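The residues making up each chain are set out below.
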Amino acid sequence: MVRFIVSRRMLLHAMLFVAVLPAMLFAAPAVGKVRMTLGDVTRWKAKLDNWQELHPGAKLYQSDKVRTGEESEVVFGFPDGSSISIAEKTEVELVNLFEPNDEGGFETQIDINKGFLNFAVHKLKDKKSKFIFKTGTATASIRGTEGYIGGEGVFFAGLKTGKLEITPKGSSKPVSIIAGETTFGTDSLVVVKLVSSGNARFARTLEKILSAKSKSVKVLQDEILKADTVFQEQLKEEEKKAAAQLPENGFILKTESPIEICENGFTVEGSYRTSDESAALVVKVGGYTSGNLIRSSDGKAHSFAEKIVVNDETGLWTADKAVVEFKSASATNSKTIELQVNKACSEVNTKAPTISIATYDSLRCIANVSVGEMQNDAGIFVVQADGSQILEETVTKNVQKRVKLQKGRHEYVLRIEDQAGNLAEISKIMGCYPNKHFTVEVFGAAREVLKVPPPPKDVLDRILQTLQFRIRIPENNPEYLYKVTVRQNGKVILQESLSQIHSLDYQIPVTLLRGGKNRFDIEVVHKSGYVSKGKKDYEVR
């Protein structure tokens with residue numbers, strides 16, 4: 001089946017954007033890692049003026065350029081298990097590595113300057129984030145896809161799984177291809193159904209066919225369809241030869257590398273043959289080693305299969321390879337399977353993170369927050385105050401976060417969500433009352449003399465007065481006060497604290513004693529701990 005989609009003429013170097021979200025959402029100087037190199041692989045680092053050899057285990061940095069020579073290859077791995085395989089005679093630039101974007105997500109952009117690459121991107125959870133491949137004049141978005149993309153002169157892309165939407169430059173209508181489809185073209189894009197779509201080896205064949213720029217689209221289409229049939233026949237022959245070549249003491253693997261792990265772990269399958277009763281065949285993943293998979297040593301071919309659960313409970317979710325080992329008295333050999341563990345899958349990422357407020361200081365206006373169960377994981381840490389978000393940060397390990405509190409008393413909600421959507425949340429009312437100078441203003445003179453004639457005989461001698469004072473605090477809000485105390489001649493006549501304090505202006509009726517001093521002491525304590533005092537003396541004559 002063939003479909004034709006007409007677009008504007010594509011330039012010599014097609015530009016392609018592929019949008020994806022690696023589940024490990026965090027912006028960091030080094031996010032990717034080199035898993036494997038073959039042949040001539042070099043890197044041009046930012047601020048350097050020469051190409052340097054790139055080795056397995058090396059970290060990838062933003063703005064790095066990477067190129068491969070003839071019969072060379074390099075595989076990049078990302079934190080969520082997604083991988084990019086750079087084919088021979090290809091040059092790419094790591095423009096962005098998990099940089100925050102305007103939509104509230106994160107963006108990775110890889111420019112393909114020449115050649116092509118194979119990709120295996122895990123299913124996306126957050127639509128706000130993107131992973132971009134750029135090669136010329138088209139934009140394509142991916143949400144969990146495996147395939148290849150690139151081309152010089154003639155653009156091409158093919159999918160083994162998932163869906164790819166390509167929007168040519170100057171067009172608002174995307175061209176979609178799904179699993180089992182391949183697209184190519186110059187003046188127009190052609191979509192064909194191929195059994196080999198998305199196969200990394202077939203991408204090399206496709207690139208060679210499309211390098212003949214003088215051929216018509218119809219001729220290229222016929223050659224590609226024929227190449228698909230030939231390639232599938234070749235794969236079947238390889239399987240037959242592999243079965244026939246099963247050694248007397250050894251094994252062959254049926255499981256292909258790499259393996260994308262999301263649900264139910266993975267299974268290693270193959271065949272073995274041995275007549276050595278002491279022979280052992282095991283699978284090793286991280287710190288896990290299976291039991292002996294050899295069930296018979298009669299010298300005949302037998303199949304084996306080992307199911308391995310990969311998640312944070314087993315601790316195997318950080319593994320990037322599985323090793324199958326065979327040992328007998330006369331032979332020892334092993335084979336490695338690359339693992340791509342998707343930590344955005346709930347079956348892999350089973351443990352919810354934890355969050356707690358270790359301490360908080362209302363005077364310094366900080367809260368110390370502990371985030372746990374995030375080792376080898378990544379997530380988003382959010383703080384809200386009275387429903388409004390005041391902080392959002394990425395977390396990539398167990399950490400202690402210092403949160404700055406807003407002035408006054410607020411209800412805070414603290415939340416941590418990992419790649420798989422596991423959520424932990426707490427709420428707490430906390431106050432921020434920085435230490436500030438304030439005064440107590442007592443109305444009238446500090447010492448007042450009252451001349452009050454004595455009352456008639458048989459009338460109670462009571463002298464009434466109103467003590468007035470004002471508390472002048474910078475916030476002009478009684479909520480910031482902890483305690484207000486008024487004493488008359490050392491005896492407490494008024495005391496209010498916390499929610500009892502409703503005003504900064506006080507008018508207190510008091511009874512004065514004749515013939516002696518009436519001393520009033522006022523003490524106001526701020527929630528920061530700062531204390532201000534005032535006093536007033538009355539003398540009645």
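Small disclaimer: the values here were computed from a predicted structure and weren't measured.

(A) Molecular detail of the overall build of the protein chain. From N to C terminus, the protein chain includes two helices and 43 strands. The C-alpha atoms of the protein chain give 37 Å as radius of gyration, which overshoots the globular expectation for 541 residues (24 Å, by more than 25%). By its C-alpha atoms, the protein chain is 130 × 65 × 45 Å across when sized along the principal axes. Within the protein chain, buried positions represent 47% of all 541 residues. The long-range fraction of contacts in the protein chain, counting pairs at least 24 apart against all pairs at least 6 apart in sequence, stands at 63%. Counting 73 positive and 67 negative side-chain charges, the protein chain places the averaged centre of each group 7 Å from the other.

(B) Structural context of helix α1 (residues 200–210). Residues of α1 that are buried: Phe202, Ala203, Leu206, Ile209 and Leu210. On an axial view of α1, the arc spanned by its buried residues comes to 120°, and they lie on one face. Contacts made by the buried residues of α1 are with β12 (116–121), β15 (145–150), β16 (155–161), β19 (181–185) and α2 (217–244). Its side-chain oxygen 2.8 Å from the backbone nitrogen of arginine 201, asparagine 199 forms the N-cap of α1.

(C) Representation of the pattern of salt bridges. Summed over all chains, the structure comprises 20 salt bridges. Between lysine 163 and glutamate 165 there is a salt bridge, and its shortest N-O distance comes to 3.5 Å. Overall, lysine 163 belongs to the partly exposed group, its relative accessible area being 42%. Through salt bridges that share partners, Arg447, Glu539 and Arg541 make up one connected network.

(D) Just the packing of aromatic side chains, in detail. Inspection of every chain in the model, using the stated rule, returns nine aromatic pairs. Relative to tyrosine 538, the ring of phenylalanine 520 lies with its centre 5.9 Å away and its plane at 85°, an arrangement referred to as edge-to-face. Separated by 18 residues along the polypeptide, phenylalanine 520 in strand β42 (residues 517–526) and tyrosine 538 in strand β43 (residues 531–540) bring together distant segments of the chain. When its relative accessible area of 0% is taken as the criterion, phenylalanine 520 is described as buried.

(E) Up close: the sheet that holds strand β13 (residues 130–134). Pairing is mixed across the open sheet formed by six strands, whose spatial order is β5-β4-β7-β10-β11-β13. Each end of this open sheet is capped by a strand with a single partner; those strands are β5 (52–53) and β13.

(F) Summary view of the confidence of the model for the protein chain. Residues at a pLDDT of 70 or more form 91% of the protein chain, whose mean pLDDT is 86. pLDDT under 50 marks residues 1–28. Its contacts with residues more than four places away, or in other chains, come to 137 contacts.

(G) Here's a closer look at the packing of α1 against α2. Two numbers describe how α1 lies on α2: the axes approach to 10 Å, and their chain directions differ by 150°. The angle between α1 and α2 places the two elements in the roughly antiparallel class. Remark: the crossing between α1 and α2 carries right-handed chirality. Note on element contacts: α2 touches α1 through Leu220, Glu223, Ile224, Ala227, Asp228, Phe231, Gln234, Leu235 and Glu238, opposite Arg201, Phe202, Thr205, Leu206, Ile209 and Leu210.

(H) How the structure looks around the sheet that holds strand β31 (residues 379–385). A sheet is described by the order of its strands in space; here four strands give the open sequence β32-β31-β34-β35, paired in antiparallel fashion. The open sheet is flanked by β32 (388–395) and β35 (423–432), the only strands paired with a single partner. Along the sheet, successive strands turn relative to each other by an average axial angle of 20°, direction set aside. In this structure, β31 lies alongside strand β34 (residues 408–418), joined through seven bridges in antiparallel fashion.

(I) Representation of unusual backbone geometry within the structure. Proline 258 follows serine 257 through a cis peptide bond whose omega is 5°. By the secondary structure assignment, proline 258 is in the loop between β21 (250–253) and β22 (259–261). You will see that asparagine 489, though not glycine, has its phi angle at about 50°, which is positive. Structurally, the position occupied by asparagine 489 is in the loop between β39 (481–488) and β40 (491–497).

(J) Structural view of the pairing of strand β10 (residues 91–100). Pairing of strand β7 (residues 65–68) with β10 involves three bridges; the strand directions are antiparallel. Following the sheet pairing, valine 66 is matched in β10 by valine 92. As paired elements, β10 and strand β11 (residues 106–114) share seven bridges and run antiparallel to each other. Counted as the bridge partner of glutamate 93 is aspartate 111 from β11. The hairpin formed by β10 and β11 contains five residues between the paired strands, and glycine 104 there has a positive phi angle of roughly 95°.

(K) The environment of isoleucine 357, seen in detail. Along the chain, isoleucine 357 falls in strand β29 (residues 354–361). Along the chain, isoleucine 357 and isoleucine 426 lie 69 residues apart, while their C-alpha atoms are 8.6 Å from each other. Once residues lying within four places of it in the same chain are set aside, the contact partners of isoleucine 357 are Asn368, Val369, Leu414, Ile426, Lys428 and Met430.

(L) How the structure looks around the pairing of β31. In terms of burial, β31 is a largely internal element, seven of the seven residues being buried. Both faces of β31 are covered, namely the face carrying Gly379, Phe381, Val383 and Ala385 and the face carrying Ile380, Val382 and Gln384. As paired elements, β31 and β32 share seven bridges and run antiparallel to each other. The partner of glutamine 384 across the bridge, within β32, is glutamine 389. Connecting β31 to the next strand, β32, in antiparallel fashion are two residues, including aspartate 386 with a positive phi near 55°.

(M) Molecular detail of the nonpolar core. Counting 33 residues, the largest nonpolar core has Phe76, Ile84, Leu117 and Phe119 as its most contacted members. The element that contributes the greatest number of residues to this core is β10, accounting for four residues. In contact with isoleucine 84, not counting residues within four places along its chain, are Val74, Val75, Phe76, Phe78, Ile110, Leu117, Asn118, Phe119, Phe131 and Phe133.

Thresholds, definitions, all that
- Residues numbered from 1 in each chain as written.
- Predicted model: local features only at pLDDT ≥ 70, side-chain atom pairs only at ≥ 80, totals over all residues.
- Heavy atoms only, no water.
- Helix = DSSP H or I, 4+ residues; strand = E, 2+ residues; numbered from the N terminus.
- Rg over C-alpha atoms; globule rule 2.2 N^0.38 Å.
- Buried < 20%, exposed > 50% of the residue type's maximum accessible area, 1.4 Å probe, protein only.
- Contact = heavy atoms within 4.5 Å.
- Lys, Arg positive; Asp, Glu negative; His and termini not counted.
- Charge placed at Lys NZ, Arg CZ, Asp CG, Glu CD.
- Arc of directions from axis to C-beta.
- Polar contact = N/O pair within 3.5 Å; in protein donor to acceptor, adjacent residues only side chain to side chain.
- Salt bridge = Lys/Arg side-chain N within 4 Å of Asp/Glu carboxyl O.
- Phe/Tyr/Trp six-rings, centres within 6.5 Å; stacked < 30°, edge-to-face > 60°.
- Pairing = 2+ DSSP bridges.
- pLDDT = per-residue confidence, 0-100.
- Axes fitted to C-alpha atoms, helices over the stretch in contact; angles between N-to-C directions.
- Parallel < 35°, antiparallel > 145°, perpendicular 65-115°, else oblique.
- Left-handed = near helix turned anticlockwise from the far one by under 90°.
- Core = buried A, V, L, I, M, F, W, Y, C linked by side-chain atoms within 4.5 Å.

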